[in-house]
Structure formats: structure tokens, C-alpha cells
Amino acid sequence: MVEGRVRLSKKVKNGLEFLKHKRLQRIKSESSSGTSYLINMMARSGGDALRISASCGIRLQGNAGSFSRSNDASCENDVFSKHKVDKFDTSDLEWTEKIPECPVYCPTKEEFEDPLVYLQKIAPEASRYGICKIVSPLVAAVPAGVVLMKEKVGFKFSTRVQPFRLSEWDTDDKVTFFMSGINYTFRDFEKMANKVFGRRYYSAGCLSATYLEKEFWHEIAYGKTESVEYACDVEGSAFSSSPSDPLGSSKWNLERLSRLPKSTLRLLETAIPGVTDPMLYIGMLFSMFAWHVEDHYLYSINYHHCGASKTWYGIPGHAASKFEKVVKEHVYTNDILSADGEDGAFDVLLGKTTLFPPSILLKHDVSVYKAVQKPGEFVITFPRAYHAGFSHGFNCGEAVNFAIGDWFPLGAIASLRYAHLNRAPLLPHEELLCKEAMLLYTSLELEDLDYSLADLAAHHCIKVSFVKLMRFLHRALWSVMKSRACTSISPNYYRTIVCTLCKRDCYVAFINCSCNGHPVCLRHDIRSLHFPCGSYRYLFLRDDVAEMEAAAKKFEQDDAISKEIEQQIENGDDLYLYPLSNKLQTDVEDGYFPYCEINVVLGPDFAAINTMGQPLEHISSMNHGKFQPETNLEQVGSSPKTQVQRVANQVSVNGERFPEEVSENTYELSVSCLSREDHRSIHQDNVHDPVSRSIVDENSDSSDSPIFRVKRPFSKVEKRFGNDTISSKNSEHQVQLLDVM
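So, here's what we can say about the structure.

Parameters at a glance
- Residues numbered from 1 in each chain as written.
- Predicted model: local features only at pLDDT ≥ 70, side-chain atom pairs only at ≥ 80, totals over all residues.
- Heavy atoms only, no water.
- Helix = DSSP H or I, 4+ residues; strand = E, 2+ residues; numbered from the N terminus.
- Contact = heavy atoms within 4.5 Å.
- Polar contact = N/O pair within 3.5 Å; in protein donor to acceptor, adjacent residues only side chain to side chain.
- Phe/Tyr/Trp six-rings, centres within 6.5 Å; stacked < 30°, edge-to-face > 60°.
- Buried < 20%, exposed > 50% of the residue type's maximum accessible area, 1.4 Å probe, protein only.
- Pairing = 2+ DSSP bridges.
- Axes fitted to C-alpha atoms, helices over the stretch in contact; angles between N-to-C directions.

Moving on, we come to the environment of Ser 242. In this fold, Ser 242 is placed in the loop between β5 (227–235) and β6 (279–283). Sequence separation between Ser 242 and Ala 141 is 101 residues; the distance between their C-alpha atoms is 8.9 Å. Setting aside chain neighbours within four positions, we find Ser 242 in contact with Val 142, Glu 151 and Ser 249. Within polar-contact distance, the side chain of Ser 242 engages the side chain of Ser 244 at 2.8 Å.

A few words now on the packing of aromatic side chains. Taken as a whole, this structure holds 39 aromatic pairs when the rule is applied. Taking the centre distance of 6.3 Å and the plane angle of 80° together, the rings of Tyr 441 and Phe 555 count as edge-to-face. Here Phe 555 lies in helix α13 (residues 545–555) and Tyr 441 lies in helix α11 (residues 429–445), a separation of 114 residues in the sequence. Residue classification places Phe 555 among the buried positions, given a relative accessible area of 1%. An aromatic cluster is present here, built from Phe 88, Trp 95, Phe 164, Phe 216, Trp 217, Phe 286, Trp 291, Tyr 313, Phe 323, Phe 356, Tyr 386 and Phe 390 joined pairwise through their rings.

Non-glycine residue Asp 233 carries a positive phi angle of around 55°. Mapped onto the elements, Asp 233 comes out in strand β5. One non-glycine residue, Asp 365, lies in the positive phi region at around 60°. Position of Asp 365 among the secondary structure elements: in the loop between α9 (359–363) and β10 (369–373).

This part is about the sheet that holds strand β12 (residues 387–391). The sheet built from four strands is open, its strands ordered β7-β12-β9-β10 with antiparallel pairing. Of all the strands in the sheet, the pair left with one neighbour each is β7 (288–292) and β10. Direction aside, the axes of adjacent strands within the sheet are offset by 15° on average. Bridge count between β7 and β12: three bridges; the pairing is antiparallel. Its bridge partner lying in β12, Met 288 is registered against Phe 390. Sheet strands touched by helix α6 (residues 209–222): β7, β9 (310–314), β10 and β12. Its angle to β12, the strand with the most contacts, is close to 100°.

This is the structure in C-alpha cells:
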């Protein structure tokens, strides 16, 4: 899903053309020294347009070679030119020595056995710093270079170019990252990077981290280096597949980590590159990764395979709001903010192209910690911990995301912020929470109580989050039924669907229209919905909702859980309510109480409808959330998508217009993880039969795509999911499927 193809400004195009011209001149002049292979690469690429990658600008890297510049054409339009940025004082670099080091852990081989068990153990202490470093007791028997050159025959990658300068961060001066148009082998990139380092320092390495840190910030502000290159978000892994490699065979092999028993992401049936599957990051002198926080506030783990060190800066999760406030007030100008408050800064930071010296954070009392990562070391970033950094020379790292039980409260905050910004989620938070909670409920029913203190703390987070979600959904269903807002009820066969209006992910229940084209979550005022295709509103509800409510009630029997829930209610915690705000709070005055019996009363227009299967007037009640039908629910939800009238322009929900693409029946609907068995049953029962389509230009590499905005070219991801989509021969309506569980 992409918000539109990103077009380069004339200023950017001129700067890039100038850079490519100078690069070709340099390549030709160095052909005698073994770099002529680049000429052929450029020729094969045809000098293809260097496109903005707001997505993979994730790790801000550029082309570290200094390119001498003549005073001829396009200097006034050159995006690489340096100028003094008054808001960042880099004249005095003594602040670099004032940043404290993050914790460093050196586990034994026994402690190193299971990464998630070990990370749970150190998290209470390490999370207070935002980042930590773990020194591996195992050594890779097969070097990363051998893996990428011999085990993965034909492995090549392209780089991204980063203008090596500071930015004003206003509408006239923002840093953007571009595709280089060059494909490298691992060895070719290493030769180029080492040549750049040697030309600058007359050395093959071994410069101190303290010296290079000051060099980096001085060079980015005043130096002659115009750009650097960075191969970020390269799909693949440099862990060896050899059974004789102790590190590659361990659970710390990042290709395996997301599927470990304690990993919440194991519940995703389809891989997400960069999240469940690792990606490679191959850098050179001063290649950078900008200030950013992980998608959905997930954990991240980064392993340093080989090469020069990296300097990391980390902000503790508890200081994230303060960090965003400083960025909003002292880095960004108001004209580039798309939203009010810290959400505006959060939105721009999602582009992962913002770099500024930590000195501005120290000046405003934001906690900052530092790590110098060497080969054989892991760096962990904790949920909601902003981080940034740079390379000291040629190196190769690998990273992946993960989540454990204590992530859910922070994941809920991230989902709420995405909804505020109307950004589609990358992960199905509600679905992951429900499935993890039900697995926990089952284990408790079996009295499998052999849990560590860390496990119990994670379980507490899962239980509290799940109870809050189920309380909201039960109250929302009660309100829908009491108001007679729906004309039919159908079983929800889908895994996760994204709300058309606020982009919240729905797993348990959602409302849809007669053409199945405008799914809406229960966080909106359902009675005020006026769909572009008509006014009928149908409720889709999971048939195991009763079991989920039973689990929530069981969890609430724990005094610690019930007390925390009540405390959060008193504090106005509405993470699962937005954008309905406090409207449902008034339901208490009408006699509502948690998990009360819900009478199913359908709308007055129901009798006139004959396109949704047999009537449901015989359904009498929902006892503890479970519908007790006297008719066959399998017949409900079958909707021939014909004779659908489109309503003209003035369509709104509480003043909020349906998106333009929705009013034209090309809606964004994400359906997660519908199994092949589910597909077959849906076809057999003729229930809700959407069509898959791509809403992304195959040639687009924009990182602003709502779902694949960060780490993955959409065209590649779509191929992964394409085999699991379902189609309808009779439907003109199209829907995007995301098969992520």
C-alpha cells in the first residue's frame, strides 16, 4: 500500500545528475586501479533514476567518497552542499565525552542457550537505557564474507546514497536518500569502502572510537565529504547454514529468532522481511542510520558480523515523549509537521531520514546512552527506544525485530498513534493479542504453572491488555445492538481487517456495507455511518467471542489484574477506544455493566433486505458475548455485489469523509492469515468473497507505503502473499489482502 509515487524535485534531480556525472568521472580515472567494474554496473543500470526511499532511508547512508565539485552548473541546486545549521552547534564536540555507555552483558554459554529467556532476564535493568550490548560467547566458524560470496552464490545488492550534511528541517531543506543505481558484490563494496577509508586516513583501520565519533560530527557539519553509500535493508542473512558453525546453529541465528516459543511473532504465518526475517546492513566510513523507533515499538536485535565498529546512540523508552518534544520544538519547523503535538514529530521521524547531534538532547535533559559495537556483539533496542548511529568503516551487520509478552501495552500505544495519523498498521496487534491470550488461557486451564518471574511479568501484560480489549469490544457490541444500528449479523471468517476510516486493525468484529467495500471498526458511531454504496450496516463477528470473553473474565479474577484495569479506567486510558473517545462511557447510565447479556435487536430495515441470506429475527440473545442462533449462520453474509448505488460526494462519519478511493469502491482492506481451508469454506458457503489486487505501482520504492513503509519493497512482499489471496469471479470490487496471520 503506497500513498503515491514519490516524485523528485528539480533540485534533487539536478543534484543527483551532478553526483552521477562526478562519480563516473572518478570511476573512469580509477579504472587502472581495479575499479572499472563499476562502469559496467552503471551502464547496465542505464543510470536509472535514483529514487527516494523514504522507506529504506531507514538507515541513513550515503556515498562516503568525497566528490570534488567544480563551480559550474547546478551548484545553487545541489542537494549535497553544506551550510551552517545554527540550531546544531558542532563547533565544540566535548559533549561526545559526556554520553554514558549503555550496559554490556557477557553471558556464559549456558546463559546464552535461549536468547528470549536471557533477554527477559536482563530486560528489567537494560530497558532503562533503551539499548544494551551483549558479547557473544560463541564465534562464527564461517565468516560472513564466505557466506555471502560462496554459500549464497550470485549475492549482490544496491546501495542508497545519503547527502552527508546536516539539514535545517524545514520545507526548503530536508535530507533525502536515494538509490545509487549501482549493484555490488560483497567483495566489490568492501574494496570501495576500504579505498575511501585509506585515502582519508592513510590507514587500514584501528582508529579509536572516540576519535572517529568527533571526526563524524565535524565532517558532517564542515567537511568535504559530500555523500556516503549504505546498503540498508538488504534481504538475506550472513549466518552460515553449516551445521558445524556453532553460532549459525544456535538460537541466536537471527533467521530463527522470531519463531522461538516465547516470540509473539511466531503467530505470524507469513514472513515480513525485516520484521520476522532478518535483513543485512553493509556500511562504510560514516554511513549512518537516522533517529528512529522500530515499527509498532517492537524490540530489535542487531548482530555485527564483521568489519569496523559502529557507534550507537539510544534513548530509553520512558524518555520517548520528551525526545519527540525536543525534536518538534528544536529540530523541526512547524511547516513540515503534519499533526499537532508530539504526534507531528513522530510522523516525520517515521521517514527515518532525520539526523542531528545528540548534544541538543543533552542540552534539554533527555537521557542518551552510547554503545560501540564490535564484531561478535549483539545490540538490543527495547520497545519505544529511539536510536541512531554510524559506521567507522566497512562492516556488515544483520538485524531483525521480535516481541515478547511485555511488548503488548507499548504495541497498543503504537497502534493508537498510527490511528491518530491515519496510517495503516504493519502488524495485526489485536489478532496477536487475542491469540497469545487464548494460548495463555489454555495453559492456565491445564494448570501448567512452571513459569519464571519474567514469564509471569509478561503474562501480566498480556492479561491486562486483553481484558481492556475485550471490555471495549463487549461494550461496543452492546451499544451496537441497543441502538439497532445493524441489519444483519454474519460470522467473521477473516483474520485481520483494516478499518477504512481510522486504519485500526480489527480481528474480533467489524461493520461492513452491502457491497462489502467499506469495513469499519467498532470505534466509530455506527448509527451515523452513511456508506457511499448505501445505508445498510452488517456486523461481522467471530464465533469464538464467547470463549475470549470467558478468558478475559478468568483473568480478571486475579486481584492484581482487576485493580490495574480499574485504575486505568479511572485515569481515562482509552488506547482501545480511539476514535470513539468517551462516548461509550455514557452507556453505564443506560444499565450497561461488563460482560452483561446482550440482546440481539436488528435494525428496522432488516425485513426489507433479501440479499444477505435468511433473516435473523429468530436470533434471540448473545449470552456472555456468544450468539445463540436458531437459524443457520452459514447462510448469513452471502451478498451478491450487484445493484449497488453510489452515493454522491457528501458522505461522512461524524464529519469524517470516507477516503476518495473508498467512494469509488477501491477500498483498502487488509485481510490477514486466511488459511486455505478457510478459503475453501468461504467459497463453498458463498460468504464475503473479495478479490486481491495490488494498489502499489510495481516500480515504486516509496517508504511511505502505509504497511510496507519501512523495510520492504512492496512488489517483493506482494509476491510472497499473492498465493494466499482469494478471488471472486462475480465481483467488481477489489480488496488488498495482507496474509500476516
